[in-house]
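# Secondary and tertiary structure notes
Okay, here's what each chain looks like letter by letter:
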Amino acid sequence: MSIQLPPDDGAVTSNGPVAGAEPGSGVVSNSTGAKKLAPPEKPSDVRRRSHIILSFWLIVLCLGLPIWWKTTTIYRADLPLQEMLDWSDGKACRPVFPLRISIQANALQEQEAQNLLRLTQHALDDLNDFSGHHLRLQLAPPSTTEHAGSESVLTLRLVPGDTTTTKFDPHQPILDITYPPNAIPSPTSSSSALATYVAGQLRATFAEEQATISYLLSTNSIPPDHRAQGLSSDVSDSLAKRTTRSLKYAPTYHLTFSLFTSGPLPSDWDIDGAIGAYMKPVLDVLSPIHNFTIDTQVQLYATPGVQNQVLNKEDLSSFINAAEWPLSPSIGGAPTVNFIVFIGNQTIATSSQDPIDGDTGSPAAASHSWLIPQWGTIYLLPLSHDTTHLSAEALKQPLLTFTSHLLSLTGTPQSGSLPLRLSTLSRIRSADLLLRASSTLGSLARLALALPSISIPSRVAEGVSKTMHHLRLACDTLGGLEGLAHARIAEAEAERAFFEKSMVGQLYFPDEHKIAVYLPLLGPVAVPLVMGLLNEIKAWRKRRSERAEVGEGKKKE
Amino acid sequence: MRRFLSLLWLSLLSFFTFSAPVSATDSDYHEQLNLRPLPLSSLLASFNFRSNTTLSEFEKGNFRFFPRSLAQILQHAGTRELHLRFSLGRWDAETWGARPWNGAREGGTGVELWAWLEADTNEEADHKWLTLTNALSGLFCASLNFIDGTRTTRPVMSFQPEGDHSAVDNMQLLYGVLPHEVVCTENLTPFLKLLPCKGKAGIATLLDGHKLFDSSWQSMAIDIRPICPAGGECVLQIEQTIDMVLDIDRSKRPRGNPIPRPPPSEQLPCDASKPYNSHDTCFPVDHTNQEWTLSQIFGKTVKGTCPLADEAVPPVCLQVHHSRSVFVSKDVHEKKNPDGLSRCFHISPETDMELMLPRPDDAEAASSSTSIIAAETPLLYAERSFTGHGQERGGVQTILRNPSPDTEVEFIYMESLPWFMRIYLHTMEARIASQQPHTNASSSASSYSSLIEQVYYRPALDRARGTQLEVRMRVPPASTVFLTYDFEKSILRYTEYPPDANRGFDVAAAVITILDPTTQGQEAGGKELAAAYTLRTTSLLCSLPTPDFSMPYNVIIFTSTAIALAFGGMFNILVRRFVAADEGPEAGLKVLIAKLKARVKGVKG
């Protein structure tokens, strides 16, 4: 910036003999009495100067500012923020699992069966306190024998017998209930022991699922009226434990079976045969929900991270020598579940009251193996030192343990027959995915609100709209496999939108940086502009007051 | 020379016949350490580990000897054959002679990777290559993920698959090299993890980062190839090789006192053939100083054998004349090979093996030539260097010398240059360095032109791919050929410079593949060009014009000042009124002083 001449007081000098406008200028004019005065300025010059300053300011404000704004603005795609927050608050979808249970009572009359159904339904409705999880009974046509219908989750087969007994069919979702002949309620009676019994059995069957789902809802800020009230603290503790233990849902899991030994032997195992014999049946049953890929390895000379002969609870977490054991996860994107057979005669201290692995039924298995949440299982297998080959029979117990742990790692419920547990698993998984996707949407919305300077590319908006579309579809078809598929897509899209790369990159671009870049240019340019404007305004005010004085003087004359 | 070649061929043949029964037998793992004393008190240690897995087991995912982590990567990236090299140092061919494995198991300085990928289109191959380099980068703790498009080439002539492939049509060869990568212990650790015995038993116990990376030259190699024996099931073979040249004097220095000191004069071996040799005058001969024990040079002994290894293969072999005595520890059985130049040792699984090569007896010392087996002469010597000066242009000169008196050497010279070295192909020439450069010009000119037989050139694209140059040429017997070309250095963008920009940019080693003369007859039929010997030149350091990196801020401030000056001046001229100097209000220092005085007076008054 350079100012060669002192600021000129324009109109002041043009109008009168007053030398200076500033208060100090009186001193100056006093000390230099012989000072000449500049000739008065023409009014046209004054007007032209005002026009010049005005046009500069107009260019800056009308052209400069919009261009600057346009070129430095951050693109933020429109997100339906309110709708997204609604999803995460659970206002957009009320998860309802309509469960159809068909009753097969071939020995009963149509009328009797209808009556029994009505009474049982009444009893169920009385017992049920959780509106999201509703058991709906229907009468299967007596002609169909095995599958009562694909939409029903459970078939109740009422068979006349001597006493009231309950038995699960191990291969199909069928519950056999025998009843004594006198238990059939009369058409007029309003209550029946059999109906209450059946309702109690059904309730017991689905109690765990109900608890799990209501636990999931409660941890995901769903309004309390959708939840079951009576969730005791120890139930919710065990559910919390099980939820943290289970892996995140994925369509494919990669199973890695590793044989680790601290010495050179055994170097060979018949793992292929053992998997085929003991684990394959369960994997086949799980196949509608998950796919599994398998690989196996043998690792010799592997020293565990803990050298103690008796492993305490603290040792278990550091037993895996992560630095040396090649347990790298699979690179295909599927989560890896590790199953490790470690050849060694270490024992686990069982004095601890809280066993790490409370899920395996037999105590022998519990003292040899433990489960690492969301990671896998280690099984300690003692062997004599000269064993070179590990046969499939020797691997039976480890693999059975692994199988039960796999179910626990995938989040399968504990009770009930296997087919029923699996259908429950698919419902729990869809609820879980739905809630996960919703909460991711909510996080994204809160992020967009919290960081006004973050850019939101259009891909994110697309992902959000796709997520909400599939969430809506999943919410409508909850309980079936279709709902699971939609929830899976919604979850994947929500994750992709949230972890958009270009959003992360520009997260930190502080305003100080902008000032550092702009100041060397804008500072020196702005000073003459602002000073010019201020001087002009000052001069304009002075002119106005002068004119007013002149007007008053004229009036006096 | 012909006899020498046939000898070489015979030894190659014997190597293959030796290895064939190994792959046919049950044992799928094999390891061997070959120790070869070299002149000037150096020792070449070649570790070789080889394991097989049948292709069916590989596809099912059952891994016993084959490392699972690597197999997953191969399956995921559709890799049929893979070669990975980590190298450090320079092989001194003048002193040490021919390279181990005929140069087939070594790479240029830094990291080198080439692989045959299963792909139908170039895009698919590029995608799989990206997956492969990224995954290997994680596995080996190396910056392999920096092998991007600019560092990847598709060699046409230089590399041929080593394995047996049924369908060659949908395989693509990609080659990437990182000359700047510093190989160190963090690359050795994952390398050892891939071995079935993990460096806890067998010869791998000798491998230690301190010794390996202290050597004069070292090369770690991983080769994976499918092998289909006639009538047997196809196997996938992984071969891990470590070659290192140890400086014996350096290795023998005690750890606590590593400063080298001359030996006492009475222990100094003197060259008695010198005329001035007397009791107080000595010309030391130190190249016969082949006197060491395993624990001296490696810092430890071999701990037993890996129980998985094939018992028929002796784990340790030493190449010295049978006349020299070698001491080994108990339970180690020495077996002299019939060639008279090497012996092997069988170790029982539980013993620690110590090997001692004592100083030759006095009678032997007199004939110092027998204490070390004479180094084999390599087929070709190659040196590459930069010529020219300045920051704009330069040249590359490769000196290729054929030591054989009667055999011509035909080879493929491959360069993969970074894109910022723009070569002028028309300046490429090969000339024979003759004793009388100016005589007989016309006849030699005709021979020059025929030195280069074939050129494959793929020019660089700025920031997209590097230059690929493959030259098939020959060097006549007992002559030296200069291969030169000029290039221009381009100026990089601000962000393209590495953090240590003034260090210069590494240019990858040139790969020279010498063609096997015995297979050249079949060349017309198939495309196969078997490599008889491979060597690599050293890598080069190319310095580019390097800017001052505070430049952008200087530019911002400088332009801002210029604009502000121009704007301020123009604006002032437009809006200010010009009057004569005595007409306007007073300004400057005087006014300020007067103002101050008035104020002081006011305060006083």
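Residues numbered from 1 in each chain as written. Chains lettered and ligands numbered in written order. Predicted model: local features only at pLDDT ≥ 70, side-chain atom pairs only at ≥ 80, totals over all residues. Heavy atoms only, no water.

We now examine empty space enclosed by the protein. All names here are of chain B. Tallying each qualifying case throughout the model produces six cavities of 30 Å³ or more. In this structure, the largest cavity occupies an estimated 270 Å³ of space. Every residue lining the largest cavity is counted, 24 residues in all, and those nearest its centre are Arg90, Trp91, Arg99, Arg536 and Thr537. Contributions of two or more residues to the lining of the largest cavity are made by strand E4 (79-89), helix H4 (93-96), strand E18 (381-387) and strand E27 (531-536). Split by residue class, the lining of the largest cavity holds ten nonpolar, seven polar and seven charged. (1 Å grid on protein atoms, 1.4 Å probe; cavity = no way out; pocket = protein on both sides within 12 Å on 5 of 7 lines; lining within 4 Å. Points joined across faces, edges and corners; volume = space filled by probe spheres on them. Helix = DSSP H or I, 4+ residues; strand = E, 2+ residues; numbered from the N terminus. Nonpolar A, V, L, I, M, F, W, Y, C, P; charged D, E, K, R; others polar.)

This paragraph deals with the UniProt feature "transmembrane region" (unreviewed entry) in chain B. As annotated in UniProt, the feature "transmembrane region" (unreviewed entry) corresponds to residues 551-575 of chain B in the numbering used here. Along residues 551-575 of chain B one finds 100% helix and 0% strand; the C-alpha atoms at either end are 36 Å apart. (UniProt positions renumbered as here; feature names shortened; annotations may be inferred.)

Bringing the interface of chain B and chain A into the picture now. Of the residues lining the interface, 43 residues belong to chain B; the matching set on chain A comes to 54 residues. If you look at where chain B meets chain A, you find four salt bridges. Where Asp272(A) meets Lys60(B), a salt bridge forms, and the shortest distance between an N and an O atom there is 2.8 Å. At the junction of chain B and chain A, the tally comes to 16 residue pairs in polar contact (both at pLDDT 80 or more). Elements with a contribution of two residues or more to the side of chain B that touches chain A: strand E3 (62-63), helix H3 (68-76), helix H12 (551-575) and helix H13 (589-604) of chain B. Examining the composition of the side of chain B that touches chain A, we find that twelve residues originate from one element, H12(B), more than from any other. (Contact = heavy atoms within 4.5 Å. Salt bridge = Lys/Arg side-chain N within 4 Å of Asp/Glu carboxyl O. Polar contact = N/O pair within 3.5 Å; in protein donor to acceptor, adjacent residues only side chain to side chain.)

To continue, consider the environment of Pro179(B). Residue and element names in this part refer to chain B. Within the fold, Pro179 resides in the loop between strand E7 (171-178) and helix H6 (185-193). Separated by 69 residues in the primary sequence, Pro179 and Gly110 have C-alpha atoms spaced 4.4 Å apart. Those residues within four positions of Pro179 in sequence are excluded, and the remaining contacts are Thr109, Gly110, Asp506, Val507, Ala508 and Ser539.

Here the focus is the packing of aromatic side chains. Aromatic rings considered in pairs are described by the distance between their centres and by the relative angle of their planes. Residue and element names in this part refer to chain B. Inspection of the entire model under this criterion finds 30 aromatic pairs over all chains. Pairing Phe47 with Phe49 gives two aromatic rings, centres 6.4 Å apart and planes at 15°, and the pair type is stacked. Since its relative accessible area comes to 0%, Phe47 is described here as buried. Exposure remark for Phe49: the relative accessible area of 1% places this residue in the buried category. The interplanar angle of 35° and the centroid separation of 4.6 Å between the aromatic rings of Trp114 and Phe159 together place this pair among those described as tilted. In this pair, Trp114 is assigned in strand E5 (residues 110-118) and Phe159 in the loop between strand E6 (152-153) and E7, connecting sequence segments 45 residues apart. Judged by its relative accessible area of 9%, Phe159 falls in the buried class. (Phe/Tyr/Trp six-rings, centres within 6.5 Å; stacked < 30°, edge-to-face > 60°. Buried < 20%, exposed > 50% of the residue type's maximum accessible area, 1.4 Å probe, protein only.)

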